[in-house]
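# Structure assessment
Residues per chain are reported as follows:
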Amino acid sequence: MKFKLHNSLSKRIEEFHSIDKEEVRIYSCGPTVYSYAHIGNMRSFLFADLLQRTLKVVGNYKVKWVMNITDIDDKTIRDSKPENGNWNTEMSEPTNDPLVNLRNFTNFYIDEFIKDIGKVGVLKSDVFLFPKATDHIDEMIELITLIFNNGFAYIADGNVYFNVSKWREYKQYGRLKKIDFENFKKGVRIDADEYDREDVSDFVLWKNKKEGEPFWNFTLNNQELSGRPGWHLECSAMEKKYLDLPFDIHTGGVDLQFPHHEDEIAQSHAGYGIDPTKYWSHCEFLEVEGKKMSKSFGNYFTLRDLEDKGYDTLDIRFAILSQHYRTKYNFTFDGINSASKGRKKVQNFIDELLSDKTGTTSINVIELKHLVYTELAEDLHTPKALAQVFSFVNDYKTSLFDLKSKEDLISFFKELNNIFAVWSFELSKVKIPTEIQQLAEERYKAKVNKDWQLADEIRKQLQSKGYEIKDSKDSYEIIKF
């Protein structure tokens, strides 16, 4: 089956062809580990996970997936200073060494990040490596030296900057996102790792050391430039080391298109002489209740916040994956509840397939598989793929299927779960409370006596308590949703 993917570089959906016929190499911009990841971050990581899983199942590829860890930048340095009040009581005691403090501080949040993504179905075993920036300073120094020697960097005030105007004489700058160069001023420099405005200016590759901050020794052009790397540089060096250039796909959120990913393209080509990747793939923003997520709006949530509110992390995964990755996702609690019902509807169907009840109807599961996988192969269109699944689940009763059809369906749903990772294939042993059993029995008796009003009232009571009744000819089944 042909696999198609939107390429941010060409601005169109393209047929995907891997560089290596058997293996796809993917690089994902990972977290900046100064705090717990929020749900906006989670969308980016879930999108990358969906992509690599679909390539394996639908595309039949092997995947080598690398996700970096940014443990050295303005934010991690700022928050790892014990005097700034962000030191977690579960961390090691702070020391007088800024680098030791940085490592202890960020290692804590690295561990928490890996736990969090595991809760939403991103398996650590699926990621080839989580390389940390601080473990690759030598590679970054080597890249800066190459860029400088090739004439695309300069030294100023102990910092090393990428010369954007010089680069524009050689290659286009602004290939991922349209950039207004009208107000570009040659020689204007930005030292910050991140900035909100779409400033087109020379960006920092290496930052001169500051009092109380971690630093590494670096000599360039016979000048001693002890300090630390700029944020944009880090990914370029780690991509080259672990995936070689060019690799197949680079993922991230749309907010990283400029300046971060644009600078990656410039740095890699200026230093190594080649673009980093063939396909740039970006997911859209996540909003909360129609607004940009912000602590000032009171709508900023980490995964832990949602767990504390009683939400199932698999429902969160399913809700986010149910929306196409290139459309803005409006996170609402009603949306999570709706996704939960949809996920459990399919789970109930799977549970019934696993039961001993069989009929005589035979179906062609290959047709269902083709319908679902065709949508997934078309730029990961999960809403259309799931619509096919729900349509099938709504139209058929599992008790009608013969044994062969049930076995084929179980095999299909297991394969599909290798993509969505939200269903179980062990018959759930949910204990139904006595109160619920009694209400269900009262409803059944009301139906037998044709007291439809009472039966409907009891049904609503059961639904309010999280249970549904599935009627059969002479009995019923209590289902928790």
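Coordinates for the structure precede this section.
Given the structure is predicted, the values throughout are model-derived calculations rather than measurements. (Residues numbered from 1 in each chain as written. Predicted model: local features only at pLDDT ≥ 70, side-chain atom pairs only at ≥ 80, totals over all residues. Heavy atoms only, no water.)

When helices and strands are tallied, the protein shows 15 helices and 18 strands. Its C-alpha atoms give the protein principal-axis dimensions of roughly 95 × 50 × 40 Å. Counting every position in the protein, which comprises 481 residues, the buried fraction comes to 52%. In the protein, once contacts between residues fewer than 6 apart in sequence are set aside, the share between residues at least 24 apart is 74%. Working note: accessible area of the protein is about 22900 Å², and carbon and sulfur atoms make up 46% of it. (Helix = DSSP H or I, 4+ residues; strand = E, 2+ residues; numbered from the N terminus. Buried < 20%, exposed > 50% of the residue type's maximum accessible area, 1.4 Å probe, protein only. Contact = heavy atoms within 4.5 Å. Areas by Shrake-Rupley, 256 points an atom, 1.4 Å probe, with all protein chains shown as cover.)

Where strand β5 (residues 153-156) meets strand β6 (residues 159-162), four bridges bridge the pair, whose relative direction is antiparallel. Considered in β6, the bridge of A156 is made with N159. Hairpin connection between β5 and β6: a loop of two residues separates the two successive antiparallel strands, and D157 in this loop has a positive phi of roughly 55°. (Pairing = 2+ DSSP bridges.)

The α-helix advances 3.6 residues per turn, and as a result positions three or four apart in sequence lie on the same side. For helix α1 (residues 39-57), spanning 19 residues, the distance from its first C-alpha to its last is 26 Å, which sits close to the expected 27 Å at 1.5 Å a residue. Counting buried positions along α1 yields 15 of 19 residues, so the element is predominantly enclosed. (Expected span 1.5 Å × (residues − 1).)

Hydrogen bonding along the main chain pairs the strands of a sheet, whether they run parallel or antiparallel. Reading across from one edge, β15-β14-β16 is the order of the three strands in this open sheet, with mixed pairing throughout. Among the strands making up the open sheet, the edge pair consists of β15 (291-292) and β16 (329-331). When strand β14 (residues 286-288) meets β16, the two strands line up parallel, connected through three bridges. Among the inter-strand pairings, V288 is bridged to a residue of β16, identified as F331.

Turning next to the sheet that holds strand β3 (residues 23-28). Here four strands make up an open sheet; going across it, the order is β4-β3-β12-β13 and the pairing parallel. Both edges of this open sheet fall to β4 (62-67) and β13 (277-283), since each of them pairs with a single strand only. For this sheet, the mean angle separating the axes of adjacent strands, direction not counted, is 25°. In this sheet, strand β12 (residues 247-253) lies alongside β3 in parallel orientation, the contact comprising three bridges. Directly across from S28, in β12, lies its bridge partner T251. (Axes fitted to C-alpha atoms, helices over the stretch in contact; angles between N-to-C directions.)

Let's shift gears to the pattern of salt bridges. Applying the stated criterion across every chain yields a total of 26 salt bridges. In this structure, the salt-bridge partner of E378 is K4, at a minimum N-O distance of 3.8 Å. Of this pair, E378 sits in the loop between α11 (365-377) and α12 (382-395) while K4 sits in strand β1 (residues 4-7), and the two are 374 residues apart along the sequence. When its relative accessible area of 33% is taken as the criterion, E378 is described as partly exposed. For K4, a relative accessible area of 30% gives the class partly exposed. For R103, the salt bridge identified is with D135, shortest N-O distance 3.5 Å. Of this pair, R103 sits in helix α3 (residues 98-119) while D135 sits in the loop between α3 and α4 (137-149), placing them 32 residues apart in sequence. A relative accessible area of 25% means that R103 is categorised as partly exposed. Residues participating in the shared-partner salt-bridge network are D74, D193, K207 and R228. (Salt bridge = Lys/Arg side-chain N within 4 Å of Asp/Glu carboxyl O.)

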